[in-house]
Amino acid sequence: MTDPRTLRLPAPARGETPARVLTIAGSDSGGGAGIQADMRTFATLGLHACVAVTAVTVQNSVGVSGFSEIAPDVVAAQIRSVVGDIGVSAAKTGMLASTAIIEAVAAAADEVGIGRDHAVPLVVDPVAASMHGDPLLAADALDAVRTVLIPRATVVTPNLDEVRLITGVQVTDAESQRSAAHALLELGARWALVKGGHLRTSQFSPDLLSDGHEYVELSAERIDTPHDHGAGDTLAAAITAALSHGMTVPDAVAFAKAWVTEGLRWAYPLGAGHGPVNPLWRVWADRIS
Ligand code: PXL
């Protein structure tokens, strides 16, 4: 097991501009997932997070009761505005809601130099639904995920449901996990991380990371908690944070997996439904111990 004390990124000196990242994602009014998870992850890791909001969800611990999309040109303008002035060394996408927003994000990313073929890596978390199954992406936007979003991904990080929706591959074991990774790479991602967290087959949570040449199996202790809302967002945010400091993709994913495992250990109940993963685990652990 990774010693949690080693899960650190270089810290900025007092008064020094920290590394900057950009999250392009939706707001979770319950404070557990989406940009709230991303920003807390980035903040705890010593980064400055810029935000392009894509949608405002109405949700609590029980579910998502609706959302309002931000106009696609406003999403794109947020990206251009912050990258042009503040500058970022990595970016991530979460909930993108619609084809029009995906297309606007892709165009802005190309323009400002974010994505697999640019200097600034892009982590794509292809969010399709909440943990309760409430849709966060229009059904007709899956095609844009396949043809517009994933081809721009330095790393794509779907869970098993998202893999099935995007590639048609139903992952049940190591072999189908490999087929799913190949299908995602064929769509154009540089690296595919097929998360096995929802494969309730063992005490480990086996993920497969591949670029078609390297196959890295990552397994971490399975933390058995119902309070894992926002775990996928936190994982993708921690990968983005590590990439922003120049880590390789395999090192960044290993770092992030260990990071989110600690976050799950520090998860807490909230409301009547599922509580969130705790991206502030380090701060809480330092305060308490
Ligand atoms: O965890 C995926 C996710 C991403 N973004 C937003 C969400 C959720 C899950 O509910 O609400 C805004």
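Residues numbered from 1 in each chain as written. Predicted model: local features only at pLDDT ≥ 70, side-chain atom pairs only at ≥ 80, totals over all residues. Heavy atoms only, no water.

- The name that an unreviewed UniProt entry assigns to the protein is Bifunctional hydroxymethylpyrimidine kinase/phosphomethylpyrimidine kinase, with the source organism given as Tsukamurella soli.
- Taken directly from UniProt, the Pathway (unreviewed entry) text for the protein runs: "Cofactor biosynthesis; thiamine diphosphate biosynthesis; 4-amino-2-methyl-5-diphosphomethylpyrimidine from 5-amino-1-(5-phospho-D-ribosyl)imidazole: step 3/3."
- Per UniProt, the protein carries the Function (unreviewed entry) text "Catalyzes the phosphorylation of hydroxymethylpyrimidine phosphate (HMP-P) to HMP-PP, and of HMP to HMP-P." (UniProt positions renumbered as here; feature names shortened; annotations may be inferred.)

### Concerning the overall build of the protein
- Of the regular secondary structure elements, the protein holds nine helices and nine strands.
- Relative to the globule expectation of 19 Å for 289 residues, the C-alpha radius of gyration of the protein, 17 Å, shows essentially globular dimensions.
- Considering only C-alpha atoms, the protein reaches an extent of 50 × 45 × 40 Å along its principal axes.
- Counting only residues that meet the buried cut, the protein has 55% of its 289 residues in that class.
- When contacts within the protein are restricted to residue pairs at least 6 apart in sequence, those whose partners lie at least 24 apart make up 68%.
- For the protein, the distance from the average site of its 20 positive side-chain charges to the average site of its 31 negative ones is 6 Å. (Helix = DSSP H or I, 4+ residues; strand = E, 2+ residues; numbered from the N terminus. Rg over C-alpha atoms; globule rule 2.2 N^0.38 Å. Buried < 20%, exposed > 50% of the residue type's maximum accessible area, 1.4 Å probe, protein only. Contact = heavy atoms within 4.5 Å. Lys, Arg positive; Asp, Glu negative; His and termini not counted. Charge placed at Lys NZ, Arg CZ, Asp CG, Glu CD.)

### Some thoughts on unusual backbone geometry
- With a phi angle near 70°, Ala97 is a residue other than glycine that sits in the positive phi range.
- Note on placement: Ala97 falls in the loop between β4 (91–93) and α3 (99–112).

### What about the nonpolar core?
- Counting 53 residues, the largest nonpolar core has Leu22, Ile79, Ile102 and Ile114 as its most contacted members.
- If we skip the residues at most four places from it in the chain, Ile102 touches Leu96, Leu137, Ala141, Ala144, Val145, Val148 and Leu149.
- The next biggest cluster of nonpolar side chains, apart from the first, holds 36 residues, and it includes Ala19, Ala49, Ala237 and Val260. (Core = buried A, V, L, I, M, F, W, Y, C linked by side-chain atoms within 4.5 Å.)

### Let's talk about empty space enclosed by the protein
- For the coordinates displayed, the defined rule picks out one cavity of 30 Å³ or more.
- Volume-wise, the largest cavity comes out at about 40 Å³.
- Along its surface, the largest cavity is lined by Gly94, Leu96, Ile102, Asp125, Pro126, Val127, Leu137, Val145 and Leu149.
- Partitioned by chemical class, the residues of the lining of the largest cavity number seven nonpolar, one polar and one charged. (1 Å grid on protein atoms, 1.4 Å probe; cavity = no way out; pocket = protein on both sides within 12 Å on 5 of 7 lines; lining within 4 Å. Points joined across faces, edges and corners; volume = space filled by probe spheres on them. Nonpolar A, V, L, I, M, F, W, Y, C, P; charged D, E, K, R; others polar.)

### Let's talk about the layout of surface pockets
- Volume-wise, the second largest pocket comes out at about 170 Å³.
- Along the walls of the second largest pocket sit 12 residues, with Thr2, Ser219, Ala220, Glu221 and Ala258 positioned nearest its centre.
- In terms of residue class, the lining of the second largest pocket is built from five nonpolar, three polar and four charged.

### Comments concerning the environment of Leu7
- In this structure, Leu7 sits in the segment before β1 (20–28).
- In this structure the C-alpha to C-alpha distance between Leu7 and Trp259, which are 252 residues apart in sequence, comes to 6.6 Å.
- Apart from the residues lying within four places of it in its own chain, the contact partners of Leu7 are Thr2, Leu45, Phe255, Ala258, Trp259, Glu262, Trp281 and Arg282.

### Here's the deal with the site of the ligand
- Around the ligand sit Gly26, Ser27, Ala33, Gly34, Thr57, Gln59, Met95, Val127, Ser130, Leu136, His229 and Asp233, and those are all the residues in its vicinity.
- Gln59 is positioned with one of its side-chain polar atoms (N or O) 2.4 Å from an oxygen atom of the ligand.
- With respect to the ligand, the side chain of Asp233 contributes an N or O atom lying 2.7 Å from an oxygen atom.
- A total of 310 Å² of accessible area belongs to the ligand in isolation, and the protein chains cover 92% of it. (Near = heavy atom within 4 Å. Polar contact = N/O pair within 3.5 Å; in protein donor to acceptor, adjacent residues only side chain to side chain. Areas by Shrake-Rupley, 256 points an atom, 1.4 Å probe, with all protein chains shown as cover.)

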